[in-house]
Amino acid sequence: MSLLEVSGLQMRFGGLVAVDGINFTVQPRQIYAVIGPNGAGKTTVFNCVSGFYRPSAGSIHLEGQEIAGQSGHRIARRGLVRTFQNIRLFRSMTAVENLLVAQHTKLETGLLKGLFSVPAYRAAEKHALERAAYWLDRVGLRSLANREAGNLSYGQQRRLEIARCMITEPKLLLLDEPAAGLNPQETRELDHLIRDLRDQHDVAVLLIEHDMSLVMEISERILVMEYGRPIAEGTPEEIRHDPRVIKAYLGEA
Amino acid sequence: MSDFFPQFLQQVINGLSLGAIYALIAIGYTMVYGIIGMINFAHGEIYMIGAYVGLITLTAIGTAAGYPVWLMVSVAVVLAVLVTCAYGWTIERIAYRPLRGGPRLVPLISAIGMSIFLQNYVVIFQNSRDLPVPDLISGMLFTIDFPVFTVGMSNSRALILFVTVALMIALTLYIGRSRMGRACRACSQDMGMASLLGIDINKVIALTFVLGAALAAVGGVLIGLSIGKINPFIGFVVGVKAFTAAVLGGIGSIPGAMLGGALLGMTETFASAYLPTEYKDVVAFSLLVLILLFRPTGLLGRPDVEKV
Amino acid sequence: MSANPNTSSLKDAAIAAVVTAVLTVPMLGLKLTPAPEGLVFDKHFLLVAFAVLAVFVVQLAKPYIRLPKFGGVGLRTPESFVQHPGRWWAIAIGLAAVWPFATQVLPFLGGRGEIDIATAALTYVMLGLGLNIVVGFAGLLDLGYVAFYAIGAYTYALLSLYFGLSFWECLPIAGLLAGTFGILLGFPVLRLRGDYLAIVTLGFGEIIRLVLNNWDSLTHGPDGIGNIPKPGLFGHEIGRRAAEGGTTLWDALGIPFDGAYPVIFLYLVALALVAASLFVINRLIRMPVGRAWEALREDEIACRSLGLNPTVIKLTAFALGATFAGFAGSFYAARLGSINPESFVFIESATILAIVVLGGMGSQLGVILAALALTILPELARGFSEYRMLVFGLVMVLMMIWRPQGLVPVTRPRLELPE
C-alpha cells in the first residue's frame with residue numbers, strides 16, 4: 001500500500017485557483033521531490049497535505065486513510081510532519097527543550113502524576129531526555145543543547161528543525177526547501193542526512209527544493225509544477241529530458 | 001399597532017444617530033488596524049480629549065457672547081480637530097513607532113498603557129467629575145405627530161447624522177482619489193512592497209492616526225453638545241463599542257466601519273428598549289464576542305487566510 | 001538631511017515645542033472648573049511653559065546625550081536559582097513566615113499596618129502568578145482576568161451567605177468554579193489572535209462585572225455582599241470574640257487576644273496560598289503541559305505541525321490561570337469582609353497585566369518583585385496616590401519601549417543530557 005496518495009488536489013482562495021489537478025503517490029521509504037518555478041504552488045500542496053489548508057477538492061490518503069481537510073495536529077499524530085520554509089523553531093526555548101516539546105504526544109501528561117513526580121512520570125521524562133540527546137548527537141548539535149534555538153546559526157537551526165521532526169517518529173517527513181541558504185558543503189551533509197534518515201529510520205521524504213543538483217542526486221521520483229498545475233512526473237532521468245520541464249525553467253528555446 | 005410604528009421609527013432615528021458617533025470613531029480603529037494590524041487602545045481617549053477641547057473652546061469663546069451658533073460650533077470643532085490630531089500624531093510617534101515590527105504583545109501593551117495614561121492625565125489636569133456642555137444646538141429639526149406618540153429628530157441628532165455622512169463621503173473620496181489615499185491603500189495591502197516602491201510609510205501611518213483622530217474629535221464635540229455633559233471616562237466604553245462596530249463591519253474597511261456603526265447603534269437602541277438599560281452595554285460587548293467568534297472578518301471584510 | 005546638524009536639531013526642537021504647546025495649552029493650561037455662573041478656567045500656564053521648555057531643551061540636547069540602553073542592563077537571576085528555584089523559594093517563604101512574629105518582638109520591623117499591606121501585596125502576587133501562566137507562558141493576552149478574581153470572591157461570599165460554608169470549604173470550590181469559567185471563556189477565543197483575543201477577553205471581563213452589578217437577586221447588585229466571615233483554623237475563629245457557640249483560636253491556644261493576631265493570621269494564610277501556588281506553578285512549567293504553553297507562545301503553527309493540539313493547550317492555560325485568580329478572589333473576600341462589583345473593574349485587569357509585563361513575562365521572580373513593587377510603593381507615596389494610575393500607564397509604555405522583556409528576563413534552566 002502506498003504511504004501517501006494525492007489525487008485531484010485543488011486549492012482555491014476565493015476566485016484564485018492556486019493549485020489544481022495534482023496527483024502523485026509516495027511509497028514508504030521513498031524520497032519524492034516536488035519542484036517548479038517560484039509561485040508554482042508547491043508550498044500550497046504541502047500546506048494541504050499537512051493539514052494547514054483545507055483543500056477545495058481532491059483527496060489525500062495517508063496509509064489508506066483520508067486526511068484531506070483534517071487539522072494539522074491530527075495529521076501530525078498520524079505520522080506526517082513537516083518543516084517550514086522560514087524555519088519555525090521555538091526560538092526562546094533551548095535546543096533540547098525544542099526536542100522535548102516535540103515528544104509531547106508521547107509523554108506522560110497527567111497533571112497529578114507530574115505534580116507529585118511519580119516514578120512513571122520521572123521515567124518518561126528521563127527517556128525523553130535520552131531520545132533528545134540521541135537526536136542532538138545525530139545532527140551534531142549536542143554541544144549546543146542548552147543554547148536558545150534563536151541563537152543558533154542558520155544551518156544549525158535547519159538541522160534542529162529536522163531533528164525535531166524525526167523525534168516524533170514519523171512515517172512521512174515533508175521538507176520545505178531544506179537546502180535554502182546552505183553552502184555546498186552543508187548541502188552535501190543534508191544529502192547524507194536525508195538518505196540516512198530514510199535508511200535507518202524508515203521514513204519517507206517528500207521535499208520541495210530549488211537546488212537541482214540535490215534534487216537529481218537524491219530523489220527517486222519527481223513532480224514538476226507550474227502555475228499550480230502538474231506538468232511532468234517521473235524519475236529524475238525522465239524529468240531531466242522532459243521538454244515541458246525545460247521550457248518551464250528556461251523558457252522557449 | 002398604532003404606537004408600534006412611531007416608536008419603531010423613533011428608535012431607528014435614535015439608533016442611527018448613535019451609530020453615526022460609533023462610525024466616526026470606528027473609522028480610526030479600522031484604518032489603523034488595516035495598516036499596521038494593531039488595535040489603537042488609546043483611540044477612545046482621543047475621542048474624549050476631542051470632547052474636552054471642544055468644551056474648552058466653547059468656554060473660552062463664551063457662549064453668552066452672542067456669536068452665531070454655527071460659528072461657535074465650527075470653531076470648537078476645528079480646534080478640537082487640531083489638538084486631537086496633535087495628540088494622535090504624538091502618540092503614534094512616541095508609543096507605537098518605536099515598537100513596530102516587534103512581537104505582537106508589545107505595542108498592544110504600550111497602547112493600553114497609553115490609554116490609561118491619557119485617561120488619568122485628563123482626570124488630574126481637568127476634572128474627574130461631569131462637566132456640563134452648553135445646550136447650543138437645541139430644538140427639534142422635525143416632529144411627526146402620531147396619535148399616541150410624537151416622533152422627532154432633535155437638531156443635534158440631525159447635525160450628527162449630517163456631519164457624519166458628509167465626512168464619510170469626503171474620506172472615501174480622499175482615500176479613493178488622492179495620491180495620499182492611494183498610498184494608504186497600498187500600505188494596507190502590502191506594507192513592504194509599498195515602501196520598496198518609494199512610499200514613505202511613516203508618513204502614511206502618521207496620516208492614518210491623524211485622520212482617525214480628526215474624525216473622533218468631531219464625534220467628541222458633537223456628542224458633548226448632544227448629551228450635555230462629558231467626563232474623562234467616556235472614552236473607554238465608547239472606544240470598545242466603536243471597535244465592535246469596526247469589527248462588525250469588517251476591520252480595515254471604511255464603508256464597513258460606517259455599516260458597523262449603524263448596525264451597532266440600532267442594535268443597542270433597540271435592545272435598550274426591551275432590556276433593562278444597565279444591560280445595554282452587555283449587548284454591545286456580547287455582540288463583539290459573537291462576531292469575533294462566528295465571523296471575525298465582519299460583514300464587508302475579506303476572509304483572512306493564514307500564511308504558513 | 002540638513003547640512004548643518006545644529007539647525008536641523010533646532011528645527012526639530014522648535015517643532016516639538018510647538019506640538020507640545022498645542023497638546024498642553026488647552027488640556028493642561030485651561031482647567032475647566034465649575035462655578036456658579038457656569039464653567040470658568042483655572043489657568044496653569046506656568047505648567048504649559050515648563051512642559052514646552054522641557055521638551056525644547058530635551059530635543060536640542062538629544063544628539064548629545066547617550067541614554068544608557070536599559071535593554072542590556074539586567075537583573076540576571078543567579079545560576080543556582082535558575083537550576084534549583086525550589087530551595088530559594090523555600091528560604092524566602094520561611095523568612096516571610098517568620099517576619100510577622102519578629103515584628104512583635106522587634107517593632108521596627110513593622111506593625112499591623114505593614115503586615116496588612118503585605119497581605120494585600122501577597123494577593124496581587126497570587127494574581128500575577130496566575131496571569132503569568134496565561135500571558136507570560138502561553139502568550140495569550142487576557143484583559144479580562146479580573147472576571148475570575150470576581151468569581152472567586154463572589155463564590156465564597158455567596159456560599160457562606162446562603163449555605164454557611166467556611167472559607168476552607170469554599171476555597172477549592174471557588175478555584176474550581178473559576179477554572180470552569182476559564183474553560184468556558186477560553187473556548188470562544190481559541191481561534192483568535194493577539195489583539196482580538198485581548199479585546200474579547202476585555203469584553204468578557206466587562207460582561208461579568210455588569211452582570212454582577214445588575215443581577216440584584218443573586219449578587220445584591222451594586223451594594224455587594226457584606227459580613228463575609230474571616231477564615232478560621234480547624235473551626236476556631238480569629239476574631240476577638242467567637243460567635244454563639246464557637247471558640248476563638250486564641251482561647252484554644254491559651255493566649256490573650258491582641259489586635260495584631262488576626263492580621264498576622266490572614267497574612268500567613270495568604271503566604272500559604274502563595275507558597276502553594278509557587279510550588280504548583282514551578283512544577284507545571286517543567287512538565288510537558290508547561291513546555292507546551294511556552295511552545296504555543298513561541299509558534300502555534302509549529303506546535304500544530306508536531307501534533308500538539310493548540311485548543312487543549314490554550315484551555316489548560318486559561319483554566320489554571322483562572323483557578324489561581326479564584327483562590328485569590330475568595331481570599332480577598334475573606335480578608336475584606338465585604339465585596340461589590342466596583343472592586344472588579346477593568347483597571348484591576350490592567351494592573352495585574354502591568355505586574356506581569358513589568359516583571360518579565362514568564363519570570364516568576366520578576367512577577368513577584370513587580371507585584372510587591374506595584375502594591376507597596378504606592379503605599380509609601382501616599383501623597384501621590386492620585387498620580388498612581390497616571391504613573392502606571394506611563395510605566396507600561398516606557399517598559400515596552402526600553403525593556404520589553406521585563407525587569408527580570410527569563411533564563412532557561414540548563415538541562416543535563418544523559419550519557
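Heads up: the structure comes first, above all this text.
In short, a report on the structure. No experiment lies behind these values; they were computed from the predicted model shown.

**Regarding the overall build of chain B**
Stage number 1. Assigned secondary structure in chain B consists of eleven helices and four strands.
Stage number 2. Over its C-alpha atoms, taken along the principal directions, chain B stretches across nearly 65 × 45 × 35 Å.
Stage number 3. Looking at chain B as a whole, 57% of its 308 residues are labelled buried.
Stage number 4. Counting only contacts in chain B whose residues sit at least 6 apart along the sequence, the fraction spanning at least 24 positions is 76%.
Stage number 5. Surface exposure of chain B reaches about 12,500 Å², of which carbon and sulfur atoms provide 66%.

**Re the overall build of chain A**
Stage number 1. Along chain A, the regular secondary structure elements total ten helices and ten strands.
Stage number 2. Dimensions along the principal axes, computed over C-alpha positions, put chain A at roughly 70 × 40 × 35 Å.
Stage number 3. With 253 residues in all, chain A has 54% of them scored as buried.
Stage number 4. Taking all contacts inside chain A whose residues are at least 6 apart in sequence as the whole, residues at least 24 apart take part in 69%.
Stage number 5. Between the averaged position of the 30 positive side-chain charges in chain A and that of its 30 negative side-chain charges there is a distance of 6 Å.

**Details of the sheet that holds strand β6 (residues 80–82) of chain A**
Two pairing modes exist for strands in a sheet, parallel and antiparallel, and in both the strands are linked by backbone hydrogen bonds.
Residues and elements named next belong to chain A.
Stage number 1. The strand order β6-β7-β8-β3-β9-β10 describes an open sheet built from six strands, whose pairing is mixed. Edge strands, defined here as strands with exactly one partner in the open sheet, are β6 and β10 (229–234). Going from strand to strand, the sheet's axes swing by 15 degrees on average, the running direction of each strand aside.
Stage number 2. Judged from the four bridges that link them, strand β3 (residues 31–35) and strand β9 (residues 221–226) form a sheet pairing that is parallel. Bridge pairing in β9 places alanine 33 opposite isoleucine 222.
Stage number 3. Helix α6 (residues 154–166) rests against β6 and β7 (172–176) of the sheet, and its axis sits at about 160 degrees to β7.

**Comments concerning the state of the cysteines**
Stage number 1. A full pass over the atoms with the stated rule returns zero disulfides over all chains.
Stage number 2. Here A:Cys48 stays free of any disulfide, with the sulfur of A:Cys165 as its closest cysteine sulfur at 18 Å.
Stage number 3. A residue is classified by how much of its surface remains accessible, and A:Cys48, at 0% relative accessible area, is buried.
Stage number 4. With no disulfide of its own, B:Cys184 has B:Cys187 as its nearest cysteine by sulfur position, at a separation of 6.9 Å.

**With respect to the side chain of B:Asp281**
Stage number 1. Here B:Asp281 lies in helix α11 (residues 280–294).
Stage number 2. A relative accessible area of 19% places B:Asp281 in the buried class.
Stage number 3. Residues contacting B:Asp281, with those up to four places away along its chain left out, are B:Val237, B:Lys241 and C:Leu210.

**Thoughts on the environment of C:Thr411**
Residues and elements named next belong to chain C.
Stage number 1. Inspection of the secondary structure puts threonine 411 in the segment after α17 (388–402).
Stage number 2. On the basis of relative accessible area, threonine 411 is assigned to the partly exposed category, the value being 32%.
Stage number 3. Separated by 329 residues in the primary sequence, threonine 411 and valine 82 place their C-alpha atoms 6.9 Å from one another.

**Digging into the interface of chain C and chain B**
Stage number 1. Taken together, the contacts link 58 residues of chain C with 62 residues of chain B.
Stage number 2. For the pair chain C and chain B, the two sides together bury roughly 5,300 Å², of which 79% comes from carbon and sulfur.
Stage number 3. The tally of links between chain C and chain B comes to zero salt bridges.
Stage number 4. Here chain C is connected to chain B by six residue pairs in polar contact (both at pLDDT 80 or more).
Stage number 5. For the side of chain C that touches chain B, the secondary structure elements donating two or more residues are α1 (5–29), β1 (30–35), β2 (38–43), α8 (194–214), α13 (300–305), α15 (346–359) and α17 of chain C.
Stage number 6. Broken down by element, the side of chain C that touches chain B gets its largest block of residues, 14 residues, from α8(C).
Stage number 7. Among the residues making up the side of chain C that touches chain B, the classes are represented as 44 nonpolar, seven polar and seven charged.

**Section: the pattern of salt bridges**
Stage number 1. Taken as a whole, this structure holds 31 salt bridges over all chains when the rule is applied.
Stage number 2. The salt bridge partner of A:Glu125 is C:Arg291, with a shortest N-O separation of 3.1 Å. Of this pair, A:Glu125 sits in helix α5 (residues 119–138) while C:Arg291 sits in helix α12 (residues 288–298), which puts the two residues in different chains.
Stage number 3. The class for C:Arg291 is buried, based on a relative accessible area of 7%.
Stage number 4. Residue A:Asp199 pairs with A:Arg198 through a salt bridge whose shortest N-O separation is 2.8 Å.
Stage number 5. One salt-bridge network, held together by shared partners, links A:Glu97, C:Glu294, C:Arg297, C:Glu298 and C:Arg412.

**So, the nonpolar core**
Stage number 1. C:Trp293 and C:Leu353 are the most contacted members of the largest nonpolar core, which has 294 residues in total.
Stage number 2. In this view, C:Trp293 contacts C:Ile133, C:Phe137, C:Ala138, C:Leu284, C:Ile313, C:Thr316, C:Ala317 and C:Leu320; residues no more than four positions away in its chain are not counted.
Stage number 3. Counting residues in each nonpolar core, the second largest holds 30 residues, with A:Val6, A:Ile22, A:Leu80 and A:Met225 among its members.

**What about helix α10 (residues 254–274) of chain B?**
Stage number 1. For α10(B), which comprises 21 residues, the first-to-last C-alpha distance of 31 Å matches the rise-based estimate of 30 Å (1.5 Å per residue) to within 8%.
Stage number 2. Between the side-chain oxygen at the start of α10(B) and the backbone nitrogen of B:Gly256 there is a gap of 2.9 Å, and the oxygen is on B:Ser253.

**Quick notes on the pairing of β3(A)**
Residue and element names in this part refer to chain A.
Stage number 1. With five of five residues buried, β3 is to be regarded as a mostly interior element.
Stage number 2. The alternating pattern of β3 places Ile31, Ala33 and Ile35 on one face and Tyr32 and Val34 on the opposite face, and all of these are buried.
Stage number 3. Judged from the four bridges that link them, β3 and strand β8 (residues 204–208) form a sheet pairing that is parallel. Paired with alanine 33 across the two strands is leucine 207, which belongs to β8.

**Considerations on the packing of aromatic side chains**
Stage number 1. Counted according to the given criterion, the structure contains 22 aromatic pairs over all chains.
Stage number 2. Summarising the aromatic geometry, the rings of A:Phe52 and A:Phe84 are spaced 6.0 Å apart at their centres and angled 80 degrees between planes, so their arrangement reads as edge-to-face. Taken together, the positions of A:Phe52 in the loop between α1 (42–49) and β4 (57–62) and A:Phe84 in the loop between β6 and α3 (95–102) put the pair 32 residues apart, joining distant regions of the chain. By the burial criterion, A:Phe52 is buried, and A:Phe84 matches it.
Stage number 3. Judged by centre distance (6.0 Å) and plane angle (70 degrees), the ring pair of C:Tyr332 and C:Phe344 falls under edge-to-face. Here C:Phe344 lies in the loop between α14 (310–336) and α15 and C:Tyr332 lies in helix α14, a separation of twelve residues in the sequence. Per residue, the accessibility class of C:Tyr332 equals that of C:Phe344, and both read buried.
Stage number 4. The rings of B:Tyr29, B:Tyr33, B:Phe243 and C:Tyr196 are connected pair by pair, giving a single aromatic cluster.
Stage number 5. Positioned above the aromatic ring of A:Phe84 is the side chain of A:Arg88, whose terminal nitrogen or guanidinium carbon lies 5.5 Å from the ring centre.
Stage number 6. Positioned above the aromatic ring of A:Phe90, the side-chain terminus of A:Arg164 is 4.7 Å from the ring centre.

**Focus: the environment of B:Gln10**
All names here are of chain B.
Stage number 1. You can see glutamine 10 is positioned in helix α1 (residues 4–36).
Stage number 2. C-alpha of glutamine 10 to C-alpha of leucine 131: the two residues are 121 residues apart in sequence and 28 Å apart in space.
Stage number 3. In contact with glutamine 10, not counting residues within four places along its chain, are Phe149, Thr150, Val151 and Gly152.

**Concerning the sheet that holds β4(A)**
All names here are of chain A.
Stage number 1. Strands sit in the order β2-β1-β4-β5 across an open sheet of four strands; the sheet is antiparallel. Unpaired on one side and paired on the other, β2 (16–26) and β5 (65–66) mark the two borders of the sheet.
Stage number 2. Examined bridge by bridge, β4 and β5 share two bridges and lie antiparallel to one another. Within the sheet, the bridge partner assigned to leucine 62 lies in β5 and is glutamine 65.
Stage number 3. Its contacts with the sheet place α1 against β1 (4–13), β2 and β4, and it is angled at close to 115 degrees to β1.

**Considerations on the pairing of β8(A)**
Residues and elements named next belong to chain A.
Stage number 1. Most of β8 is tucked away, with five of its five residues classed as buried.
Stage number 2. Direction of pairing for β7 relative to β8: parallel, over a ladder of five bridges. Bridge pairing in β8 places leucine 173 opposite valine 205.

**Observations regarding the packing of helix α4 (residues 105–125) of chain B against α17(C)**
Stage number 1. The contact between α4(B) and α17(C) brings their axes to 7 Å, and the two run at 155 degrees. Taken together, the axis directions place α4(B) and α17(C) in an arrangement best described as roughly antiparallel. Between α4(B) and α17(C) lies a crossing whose hand is left-handed. Residues B:Val106, B:Ile109, B:Ser110, B:Ile112, B:Gly113, B:Met114, B:Ile116, B:Phe117, B:Asn120, B:Tyr121 and B:Ile124 of α4(B) pack against C:Met389, C:Leu390, C:Gly393, C:Leu394, C:Met396, C:Val397 and C:Met400 of α17(C).

Procedures and definitions
Residues numbered from 1 in each chain as written. Chains lettered and ligands numbered in written order. Predicted model: local features only at pLDDT ≥ 70, side-chain atom pairs only at ≥ 80, totals over all residues. Heavy atoms only, no water. Helix = DSSP H or I, 4+ residues; strand = E, 2+ residues; numbered from the N terminus. Buried < 20%, exposed > 50% of the residue type's maximum accessible area, 1.4 Å probe, protein only. Contact = heavy atoms within 4.5 Å. Areas by Shrake-Rupley, 256 points an atom, 1.4 Å probe, with all protein chains shown as cover. Lys, Arg positive; Asp, Glu negative; His and termini not counted. Charge placed at Lys NZ, Arg CZ, Asp CG, Glu CD. Pairing = 2+ DSSP bridges. Axes fitted to C-alpha atoms, helices over the stretch in contact; angles between N-to-C directions. Disulfide = S-S within 2.5 Å. Buried area = accessible area lost by both parts, 1.4 Å probe. Salt bridge = Lys/Arg side-chain N within 4 Å of Asp/Glu carboxyl O. Polar contact = N/O pair within 3.5 Å; in protein donor to acceptor, adjacent residues only side chain to side chain. Nonpolar A, V, L, I, M, F, W, Y, C, P; charged D, E, K, R; others polar. Core = buried A, V, L, I, M, F, W, Y, C linked by side-chain atoms within 4.5 Å. Expected span 1.5 Å × (residues − 1). Phe/Tyr/Trp six-rings, centres within 6.5 Å; stacked < 30°, edge-to-face > 60°. Lys NZ or Arg CZ within 6 Å of the ring centre and 35° of its normal. Parallel < 35°, antiparallel > 145°, perpendicular 65-115°, else oblique. Left-handed = near helix turned anticlockwise from the far one by under 90°.

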